[in-house]
Amino acid sequence: MDTAQALKNLVEAGELIASANAVLATADLPPGHAAYYALLTEHTAQHQMRAQIQAADALRRTGAHKLDQASFQAITDAGTNPTLAQIHAAEGHTTTGRTHFKSATSLMYDWLDIPRSTAGARMVLADCLIGGVDEAGQRTEPWLPELAQEFADPSVDPQPVAATATKLHSARKDLGTGKAGQKKKEQLQADAMAFLRSEPKSARKHISDLVSEVKAGKRPLKALLDSIGIFKRGMRHGLVEYVLRLLPSQAAFIEAYLATLDNPATVAGNRERLKDAESQFTGEPSDWDDEESMPEWAGGSPPGAPPDGNATGANEAEAEPEDTERSQLAPEVWEDMKPERRRLTGLMALLMTKSSGSELPSTQVSIVMNWEKMQSQAQDFAVSSTGIPLTPGEARAALCNAGIYPVVLSGASLPLDLGRSQRLFSKAQGRAIRAAYRGCSYPGCSMPASRCELDHLDPWEKGGRTDIASADLNCPIHHIARHCSLFRTVKIPGSRPLVLLSRELDPEQKLRINTYFMTPSQALEAEAMAESMTARWRAGELEVEFAAS
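So, here's what we can say about the structure. Every value quoted in this text rests on a predicted model; they were computed, and no experiment measured them.

With that out of the way, let us pick up the overall build of the chain. Helix and strand counts for the chain stand at 20 helices and 11 strands. Expressed as a percentage of its 549 residues, the buried residues of the chain come to 34%. For the chain, the computed accessible surface area is about 33100 Å², with 55% contributed by carbon and sulfur atoms.

Have a look at this one:
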């Protein structure tokens, strides 16, 4: 097929897609057809994204920005619904004279009205996934050859591949040059590919962490201390913006406190307390039982008002529009507010509580230490329960502070198995499970341990034991989903329980683990373990037990 016919096919494909969308977007679809509509639309979008990067490469490779005026006029006259003859006539001629556009990026921006940042990003992706063009006009190899092979496979979704390439390219200057830089790039690319192939839902987070590690490098403590602090950025859209930069050990305390704010059962997360704290800043009334229980700041009388609370006529007139508007506002459900707003209010409440001399809500931080890595003096042996890696120095300093709970994996410092002696998990068990698992067991779920529920894998009423080996951590949604048999939990000796998704979601039927809260190195180890367990299970070499629903 020649290129003119291929372009004509592209025109017809666009017409067919537009015609199909006109029917499907307005028709009374059966639910199955609606699901199929969404599936096919995403599949079409994948082809379109790949074509956009390939088209950007074609513009640069052919020097299309050097087309003469007559060539651009022929394309303009043909429009977006050309005949085959018009397409043949629009092959065009380049010129060595002055042209409208200086480069392919300029052509995309000025002629196709593609934003300059988008045009530049497509050129970067072309360099990484297809190849570049040197000063002599010769093709060069793609900067990320493994990702380039993945991108060229039409059965692979190009979107996560392109996002990964963009992320890795952002660390290009930090990788260095020469053989050492090339080795770093190859390792970074191999790790990124492993995440893409194992668990796409968590891949973006882990790849971002990998790139952050490359950019951070081994910076001296003095350089880190010189960069931390609270920085005021100024007023924007009626709000004052600050930037907060912390050491990982400090961030562990912030994360732990935010986790308590998300939990309404804690002192810090008490919803009524947070509502009262916010009302001090917003002026919105709180739900007081009576006027006597109001603090002075919540009283209705302005300063200087008569003792009976009646203001002057002028004050009443000024207050009336505000009161009328407020009465028309529907009461906001605190639990429905965005977590970001709730957490800010909690931090402000902490500051106000301290200034008033009242008791502060306590914050507990768990630090998970890998015994084998600690013995071998590995750099990443200590991680906070929220997944923040700590340096050996930070871990040693943190353990000297109150409110720290060291959780040593592969150790046996707590009696964590209760058998049939107790129905509910103990605090020590809960702390150990949350610190070790860090979040929901369902692959890709981002619900942290503080919002998850301890799950008996062996029902107590059927003789199950309250033991660590018979426990898992699930968010409320996936806890119910497991008991509804929407997925299965697999118990494996010596391992965290793994997950087997239903066949319609995972045709490969692989044993999976949620790595969302792990560091990149831990996630790679966990994925390799899951792959090994799957292979041994299929070969009949591994005894597994499926938890009862």
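Next comes the rest of the account.
So, on to a nonpolar patch on the surface. A cluster of nonpolar residues, Ile230, Met235, Val240, Tyr242, Leu244 and Leu246, forms a patch on the protein surface that exposes about 630 Å² of accessible area. Counting only elements with at least two residues in the nonpolar patch, the list comes to strand S1 (229-236) and strand S2 (239-245). The greatest single-element share of the nonpolar patch, amounting to three residues, is contributed by S2.

Below, the discussion takes up the environment of Ala121. For Ala121, the location among the structural elements is in helix H6 (residues 116-129). Along the chain, Ala121 and Ala162 lie 41 residues apart, while their C-alpha atoms are 9.9 Å from each other.

All buried positions along helix H19 (residues 476-483) are accounted for by His478, His479, Ala481 and Arg482. For H19, the angular spread of the buried residues around the axis is 165 degrees, confining them to a single face. Opposite the packed face of H19, turned more than 90 degrees from it, sit the exposed residues Ile477 and Ile480. Its buried side turned inward, H19 meets strand S7 (453-456), strand S8 (471-474) and strand S9 (487-491). Of the residues one or two after H19, Ser485 is the one with positive phi, at around 65 degrees.

This brings us to helix H12 (residues 248-262). In this model H12 runs 21 Å from its N-terminal to its C-terminal C-alpha over 15 residues, within 8% of the 21 Å that 1.5 Å per residue would give. Every buried residue of H12 is accounted for by Ser249, Ala251, Ala252, Ala256, Tyr257, Leu258, Ala259, Thr260, Leu261 and Asp262.

All right, on to the environment of Thr391 then. Relative to the assigned elements, Thr391 resides in the loop between strand S5 (389-390) and helix H17 (392-398). For Thr391, a relative accessible area of 40% translates into the label partly exposed.

Aromatic rings in a pair are described by how distant their centres are and how their planes are angled relative to each other. Applying the stated rule across the entire model yields five aromatic pairs. One aromatic cluster in this structure is built from Phe72, Phe101 and Trp111. When the ring centre of Phe151 is taken as origin, the NZ or CZ atom of Arg50, which lies over that ring, is 5.4 Å away. Lying over the aromatic face of Tyr109, Arg116 brings its terminal NZ or CZ to 3.9 Å of the ring centre.

What follows is about the pairing of strand S10 (residues 498-501). Here S10 shows no split at all, with Leu498 and Leu500 on one side and Val499 and Leu501 on the other all buried. Inspection of the sheet shows S9 paired to S10 by four bridges, in the antiparallel sense. Paired with Phe487 across the bridge in S10 is Leu501. Turn length for the S9-S10 hairpin, with the two strands adjacent in sequence and antiparallel, is six residues, and the turn residue Gly494 shows positive phi of about 80 degrees.

Residues Leu129, Leu147 and Leu168 are the most contacted members of the largest nonpolar core, which totals 37 residues. No other element matches the five residues that helix H9 (residues 178-198) contributes to this core. If we ignore the near neighbours within four places in the chain, the residues touching Leu129 are Pro142, Leu147, Ala148, Phe151, Val161, Ala162 and Ala165. In this structure, Cys445, Ala481, Phe487 and Val499 belong to the second largest nonpolar core, which totals 15 residues.

Note that Val243 resides in strand S2. Taking the C-alpha atoms as reference points, Val243 and Arg233, 10 residues apart in sequence, are found 7.1 Å from one another. With sequence-adjacent residues up to four places away left out, Val243 is seen in contact with Gly229, Ile230, Phe231 and Arg233.

Now for the packing of H9 against helix H10 (residues 200-216). As a packed pair, H9 and H10 sit with axes 7 Å apart at the nearest point and diverge in direction by 165 degrees. Viewed along their axes, H9 and H10 adopt a mutual orientation that is roughly antiparallel. By crossing handedness, the relation of H9 to H10 is classed as right-handed. Touching Leu188, Asp191, Ala192, Phe195, Leu196 and Ser198 of H9 are Pro200, Ala203, His206, Ile207, Leu210 and Val214, all from H10. Class assignment for the residues of the contact of H9 with H10 results in nine nonpolar, two polar and one charged.

It is worth spelling out the pattern of salt bridges at this point. A side chain with one charge may pair with a side chain of the opposite charge, provided their charged atoms come close. Applying the stated rule across the entire model yields 13 salt bridges. Between Lys491 and Glu545 there is a salt bridge whose closest N-O contact spans 3.9 Å. Linking Lys491 in strand S9 with Glu545 in strand S11 (residues 545-546), this pair joins segments that are 54 residues apart in sequence. Judged by its relative accessible area of 13%, Lys491 falls in the buried class. Classification of Glu545 as partly exposed rests on a relative accessible area of 41%.

Our focus in this paragraph is the sheet that holds S10. With antiparallel pairing, the three strands of this open sheet are ordered in space as S10-S9-S11. Whereas interior strands pair on both sides, the edge strands pair on one side only; in this sheet they are S10 and S11.

The relative placement of two packed helices is expressed as an angle between their axes plus a distance between the axes. Axis separation between helix H7 (residues 145-152) and helix H8 (residues 158-169) bottoms out at 9 Å; the angle between their running directions is 160 degrees. Classified by the angle between their axes, H7 and H8 sit roughly antiparallel to one another. The handedness of the crossing between H7 and H8 is left-handed. Along its contact with H7, which presents Leu147, Glu150 and Phe151, the element H8 presents Pro158, Val161, Thr164, Ala165 and Leu168.

Let us look at unusual backbone geometry. Positive phi, normally seen in glycine, also occurs at Asp113, with a value near 60 degrees. Exposure remark for Asp113: the relative accessible area of 64% places this residue in the exposed category. Phi is positive for Ser485, close to 65 degrees, though the residue is something other than glycine. Among the secondary structure elements, Ser485 is positioned in the loop between H19 and S9. Residue classification places Ser485 among the partly exposed positions, given a relative accessible area of 48%.

Reading the values: the criteria
- Residues numbered from 1 in each chain as written.
- Predicted model: local features only at pLDDT ≥ 70, side-chain atom pairs only at ≥ 80, totals over all residues.
- Heavy atoms only, no water.
- Helix = DSSP H or I, 4+ residues; strand = E, 2+ residues; numbered from the N terminus.
- Buried < 20%, exposed > 50% of the residue type's maximum accessible area, 1.4 Å probe, protein only.
- Areas by Shrake-Rupley, 256 points an atom, 1.4 Å probe, with all protein chains shown as cover.
- Patch = residues over 30% accessible without salt bridge, like charges linked within 9 Å, V, L, I, M, F, W, Y side chains within 5 Å.
- Salt bridge = Lys/Arg side-chain N within 4 Å of Asp/Glu carboxyl O.
- Arc of directions from axis to C-beta.
- Contact = heavy atoms within 4.5 Å.
- Expected span 1.5 Å × (residues − 1).
- Phe/Tyr/Trp six-rings, centres within 6.5 Å; stacked < 30°, edge-to-face > 60°.
- Lys NZ or Arg CZ within 6 Å of the ring centre and 35° of its normal.
- Pairing = 2+ DSSP bridges.
- Core = buried A, V, L, I, M, F, W, Y, C linked by side-chain atoms within 4.5 Å.
- Axes fitted to C-alpha atoms, helices over the stretch in contact; angles between N-to-C directions.
- Parallel < 35°, antiparallel > 145°, perpendicular 65-115°, else oblique.
- Left-handed = near helix turned anticlockwise from the far one by under 90°.
- Nonpolar A, V, L, I, M, F, W, Y, C, P; charged D, E, K, R; others polar.

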